Amino acid sequence: MNDRTTTLDAPATDDTLTCPFDGVSPYDTYVRASVLNTLQHPLTEAPDEMGFLVTTQVMELWFTLIVHEWRTAKVALAKDDLPAAMDALVRSRRALTALSGAWEPIAALTPAQFNGFRAAFGRASGFQSAMYRHMEFLLGDKSAGLLRAHRGDPAVHEALAETYREPSLYDDVLAYLHRQGLPVPAHVRERDVIRPYEADPGVVEAWRHVYAGPQHHPHLALGEVLTDIAELVTRWRFDHVLVVRRAMGAKPGSAGSAGLAWLEQRAARPVFPELWEVRGDV
């Protein structure tokens, strides 16, 4: 018989992983995980509040990345560098997919579970998120009133005001298409960009030229990635509606908002509307 024990040998260890760090780890220096992990401060003993806090904070990080990618795409479009713009838009599409998945930890909260900590956040509400407002302004959904709500924080207000005053991502797409010879109307290209974008039949016609042309043309790929983005943004908004409806029904929202009714109204707002309309014309 073999007298050796049958226990598994200890796994080999890379000595570089066990060598003591001189101060904080290089990983923490770069990622700042120790800072991130100090930002969760539940105000109740409710077991679901930690998940609500982490989910909300993770979404804020995804908002930040999406805004970064859309700004990168805007810079590339202004230089007529479509490949670089497409790369950024594709990265933002992946981030939007992850953003939608971030609902999962709190998607099934019951009213009792949500009420266990709801009173703790007082007048705080998701619609107060400045980074999400950057996203909406970049999509062309401008609002002077929602900008004005941030006046109490000068740095946040000024950064958001810059996004409010500049052309949206879609404005830059249409300007690019015009420079490429597509018939984007002058009144659209010269419009007041602080006003919410509204669908225009002339823009539908410009996209019709794209979609009626070669099916592997780079401009059609641009239209498709923008459609992907529009769909993912809309899905995220409607998922938000469902999470709220499940957790609190039609009760008034925090901070005096209309709650579910307000979210439903916002969710129904179109993103890149002509890209949806043109699909019935091709």
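Residues numbered from 1 in each chain as written. Predicted model: local features only at pLDDT ≥ 70, side-chain atom pairs only at ≥ 80, totals over all residues. Heavy atoms only, no water.

**A closer look at the environment of R179**
Relative to the helices and strands, R179 is located in helix α10 (residues 169–179). Aside from chain neighbours lying at most four places away, what touches R179 is L77, A78 and D80. (Helix = DSSP H or I, 4+ residues; strand = E, 2+ residues; numbered from the N terminus. Contact = heavy atoms within 4.5 Å.)

**Concerning the layout of surface pockets**
Taking a probe equal in size to a water molecule and rolling it over the atoms shows the remaining empty space. As a volume, the largest pocket reaches approximately 990 Å³. Taken together, 44 residues form the lining of the largest pocket, with F52, S125, G126, F127 and H240 sitting closest to its centre. Counting only elements with at least two residues in the lining of the largest pocket, the list comes to α4 (49–78), α6 (111–118), α7 (130–138), α13 (218–248) and α14 (260–267). Looking at side-chain class alone, the lining of the largest pocket contains 24 nonpolar, 13 polar and seven charged residues. (1 Å grid on protein atoms, 1.4 Å probe; cavity = no way out; pocket = protein on both sides within 12 Å on 5 of 7 lines; lining within 4 Å. Points joined across faces, edges and corners; volume = space filled by probe spheres on them. Nonpolar A, V, L, I, M, F, W, Y, C, P; charged D, E, K, R; others polar.)

**Here we look at the nonpolar core**
Judged by nonpolar contacts, the single largest core of 65 residues is most densely connected at W70, W207, L222 and F272. Of all the secondary-structure elements, those providing two or more residues to this core are α4, α5 (82–101), α6, α7, α10, α12 (201–211), α13 and α14. No other element matches α13, which puts 14 residues into this core. (Core = buried A, V, L, I, M, F, W, Y, C linked by side-chain atoms within 4.5 Å. Buried < 20%, exposed > 50% of the residue type's maximum accessible area, 1.4 Å probe, protein only.)

**Some words on the pattern of salt bridges**
For side chains bearing opposite charge, pairing can occur when the charged atoms are close. For the structure shown, the criterion picks out 16 salt bridges. For D80, the salt bridge goes to R179, with nearest N and O atoms at 2.8 Å. Here D80 is found in the loop between α4 and α5, whereas its partner R179 is found in helix α10, with 99 residues between them in sequence. Between R235 and E231 there is a salt bridge, with the nearest N and O atoms lying 3.0 Å from each other. (Salt bridge = Lys/Arg side-chain N within 4 Å of Asp/Glu carboxyl O.)

**Describing the side chain of S168**
By the element assignment, S168 lies in the loop between α9 (154–165) and α10. A relative accessible area of 1% means that S168 is categorised as buried. Excluding anything up to four places from it in sequence, S168 contacts K74, F137, L138, L139 and G140.

**Describing α7**
Counting buried positions along α7 yields eight of nine residues, so the element is predominantly enclosed. Those residues of α7 that fall on the buried side of the exposure criterion are A130, Y132, R133, H134, M135, E136, F137 and L138. Immediately downstream of α7, the backbone of G140 shows phi near 100°, a positive value.

**Some details on the packing of aromatic side chains**
Tallying each qualifying case throughout the model produces 15 aromatic pairs. Each ring, one from F52 and one from F117, has its centre 5.1 Å from the other, and the planes form 50°; the classification is tilted. Of this pair, F52 sits in helix α4 while F117 sits in helix α6, and the two are 65 residues apart along the sequence. An aromatic cluster of three or more residues is present, and its members are F52, F114, F117 and F121. Here the guanidinium or amino end of K142 rests over the ring plane of Y164, the centre of that ring lying 5.9 Å away. (Phe/Tyr/Trp six-rings, centres within 6.5 Å; stacked < 30°, edge-to-face > 60°. Lys NZ or Arg CZ within 6 Å of the ring centre and 35° of its normal.)

**Re the packing of α4 against α5**
Between α4 and α5, whose axes approach to 8 Å, the crossing angle comes to 165°. As judged from the angle between their axes, α4 and α5 are roughly antiparallel. In terms of crossing hand, the pair formed by α4 and α5 is left-handed. Counting all contacts with α4, which are made through M59, W62, F63, L65, I66, E69, W70, T72, A73, A76 and L77, the residues of α5 involved are L82, A84, A85, A88, L89, R91, S92, A95, L96, A98 and L99. (Axes fitted to C-alpha atoms, helices over the stretch in contact; angles between N-to-C directions. Parallel < 35°, antiparallel > 145°, perpendicular 65-115°, else oblique. Left-handed = near helix turned anticlockwise from the far one by under 90°.)

**Thoughts on unusual backbone geometry**
The general pattern is negative phi for most residues beyond glycine and trans for most peptide bonds. Backbone geometry at R32 places phi at a positive 60°, although glycine is not the residue there. Here the phi dihedral of D80 falls at roughly 60°; this positive angle occurs in a residue that is not glycine. Looking at D80, the relative accessible area reads 35%, which means it is partly exposed.

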